[in-house]
Amino acid sequence: MEIERKFLMKELPDHLESYPSHQIEQGYLCTSPVVRIRRQDAEYYLTYKSKGLMVREEYNLPLTEAAYMHLRPKVDGNLIAKRRYLIPIGDGLTVELDVFEGKLEGLFLAEVEFGTEEDAAAFVAPEWLGEDVTYSMEYHNSVLSQKQ
């Protein structure tokens, strides 16, 4: 189960390069239900996500590089490229800040994952995270992959 809140950031925090990060490329084989392939650094995954906004089922299966490269041309829509920064914010929480590249350059989305729906609902976001877009389908990566 994935429980997360999502925020649209207008600007990047200072000293972003001081945080750990991952280079991510992902594409969608299907957007309803969501079936995604992802390369994160040198790791590869096939992911299924159910419908939903703040709470969704999510299953990740490891892929080999060869399997990923075989599936990559079958992606429906655009491949998404982004750098994900991991910014700790206390209470065991981490902001996963995605800085998009390519066609989506200039888009900055932050996600915070929670153990329970109650924790997610009670979360008071730091102001720098920006607008809460948790309940907007527009900012799901599967929807962003379909943008021209």
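Everything numeric here is computed off the predicted structure, so don't read it as measured data.

K.L.:
Is there a simple way to explain the side chain of Arg-5 in this structure?
P.N.:
Take Arg-5: it is sitting in strand S1 (residues 2–9). Overall, the relative accessible area of 11% leaves Arg-5 in the buried class. A distance of 3.4 Å separates the side chain of Arg-5 from the backbone oxygen of Phe-123, its partner in a polar contact. For Arg-5, the contacting residues outside a window of four places in its chain are Met-54, Ala-110, Glu-111, Val-112, Phe-114, Ala-120, Ala-121, Phe-123, Asp-132 and Thr-134.

K.L.:
Is there a simple way to think about the pattern of salt bridges in this case?
P.N.:
Should the charged atoms of two oppositely charged side chains come close, the side chains can pair. The full count for this structure, using the stated rule, is 8 salt bridges. With a shortest N-O distance of 3.0 Å, Lys-82 and Asp-98 are connected by a salt bridge. Taken together, the residues span a long stretch of sequence, with Lys-82 in strand S7 (residues 80–90) and Asp-98 in strand S8 (residues 93–100) at a distance of 16 residues. Residue class for Asp-98 comes out buried when judged on its relative accessible area of 1%.

K.L.:
Is there a simple way to explain the layout of surface pockets in this structure?
P.N.:
Gaps between atoms show up when a probe of the same size as a water molecule is rolled over them. Taken as a whole, the largest pocket encloses approximately 390 Å³ of empty space. Lining the largest pocket are 27 residues, and of these Glu-2, Arg-36, Arg-38, Lys-49 and Glu-58 lie nearest its centre. For the lining of the largest pocket, the secondary-structure elements that each account for two or more residues are S1, strand S2 (21–31), strand S3 (34–40), strand S4 (43–49), strand S6 (58–63), S7, strand S9 (108–113) and helix H3 (141–144). Size it by volume and the second largest pocket reaches roughly 160 Å³. Lining the second largest pocket are 14 residues, with Thr-31, Val-34, Lys-51, Met-137 and Ser-142 sitting closest to its centre. Partitioned by chemical class, the residues of the lining of the second largest pocket number 4 nonpolar, 7 polar and 3 charged.

Scoring rules and cut-offs
- Residues numbered from 1 in each chain as written.
- Predicted model: local features only at pLDDT ≥ 70, side-chain atom pairs only at ≥ 80, totals over all residues.
- Heavy atoms only, no water.
- Helix = DSSP H or I, 4+ residues; strand = E, 2+ residues; numbered from the N terminus.
- Buried < 20%, exposed > 50% of the residue type's maximum accessible area, 1.4 Å probe, protein only.
- Polar contact = N/O pair within 3.5 Å; in protein donor to acceptor, adjacent residues only side chain to side chain.
- Contact = heavy atoms within 4.5 Å.
- Salt bridge = Lys/Arg side-chain N within 4 Å of Asp/Glu carboxyl O.
- 1 Å grid on protein atoms, 1.4 Å probe; cavity = no way out; pocket = protein on both sides within 12 Å on 5 of 7 lines; lining within 4 Å.
- Points joined across faces, edges and corners; volume = space filled by probe spheres on them.
- Nonpolar A, V, L, I, M, F, W, Y, C, P; charged D, E, K, R; others polar.

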